[in-house]
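Coordinates in review
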Amino acid sequence: MALSAIPLPDGDLAFDPTWLDAGPADALFAALSAGIAWQVHRIRMFGREVDSPRRSCWIGDPGASYRYSGTRFEPHPWPTVLLTLRVRLRAELGVDFNSVLANLYRDGGDRMGWHSDDEPELGPRPCIASVSLGATRRFLLKRRDGGGRLTLELPHGSLLLMRGDTQRRYRHALARTTRPVGPRINLTFRRIAIGG
Ligand SMILES: O=C(O)CCC(=O)C(=O)O
Ligand SMILES: [Fe+2]
């Protein structure tokens, strides 16, 4: 398969359900499950600090620190398997991502609430490349102005690009599910301004 556009009014989505073949995707999932320093990130919710309902790790070039939900994260160094993806994404998209947020959803209870990736260091119209591994989970988008919404199933080995005004116009979330599901890893590659 190749990337194809998914219609989203005032946004820009592109999707390749089979960006990685099953074999390399399996190997990547195994390497990341075991090799990443998974942490509980503390996030601010309704004015209180709470544990986020998933495991996470912020990875990036030296200096690529990231302020998110009231906390500043210093980057962990790139594992080799993620540098390989960075190089492939640069070749295919012409974007040199300098950081990646890795998230581990251990089961259907782990999730991510509604947000936009609109931190100033991402710039006004960021390109975010989201690679999914493991269990297929439901990704939701809804317009900030209360208009339409969209649901996407993100399978093992898929690539979703969010570009243009997608962050400005929409929020997105990774829904919890009561279905019994195995673990899922998501990688959102980002290019952030360093030195801010
Ligand atoms: O897990 C996902 O598919 C979404 C992750 C996400 O929105 C993020 O890392 O900002
Ligand atoms: Fe996000």
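Reference entry: report on the structure contained in this document. (Residues numbered from 1 in each chain as written. Chains lettered and ligands numbered in written order. Predicted model: local features only at pLDDT ≥ 70, side-chain atom pairs only at ≥ 80, totals over all residues.)

1. Quick look at the site of ligand 1
Taken together, Leu101, Asn103, Met112, Asp117, Ser130, Phe139, Leu154, His172, Leu174, Asn186 and Thr188 make up the full set of residues near ligand 1. When its residues are assigned to classes, the shell around ligand 1 shows five nonpolar, five polar and one charged. (Near = placed C-beta within 6 Å. Nonpolar A, V, L, I, M, F, W, Y, C, P; charged D, E, K, R; others polar.)

2. Some thoughts on the sheet that holds strand E8 (residues 99-105)
As summarised here, the arrangement of the seven strands in space is E1-E2-E13-E10-E15-E8-E5, forming an open sheet in which the pairing is antiparallel. With one partner strand each, in any of the chains shown, strand E1 (4-6) and strand E5 (55-60) form the two edges of the open sheet. If you compare each strand with its neighbour and ignore which way they point, the axes differ by 20° on average. One ladder, built from six bridges, connects E5 with E8; its direction is antiparallel. Across the sheet, Ile59 pairs through a bridge with Val100, a residue of E8. Sheet contacts for helix H1 (residues 22-35): E8, strand E10 (128-134) and strand E15 (184-190); angle to E10, the most-contacted strand, approximately 90°. On the sheet, helix H2 (residues 80-93) packs against E5, E8, E10 and E15 and is oriented at approximately 135° with respect to E10. (Pairing = 2+ DSSP bridges. Helix = DSSP H or I, 4+ residues; strand = E, 2+ residues; numbered from the N terminus. Axes fitted to C-alpha atoms, helices over the stretch in contact; angles between N-to-C directions. Contact = placed C-beta atoms within 7 Å.)

Take it as geometry only, folks, not as evidence of what the structure does.
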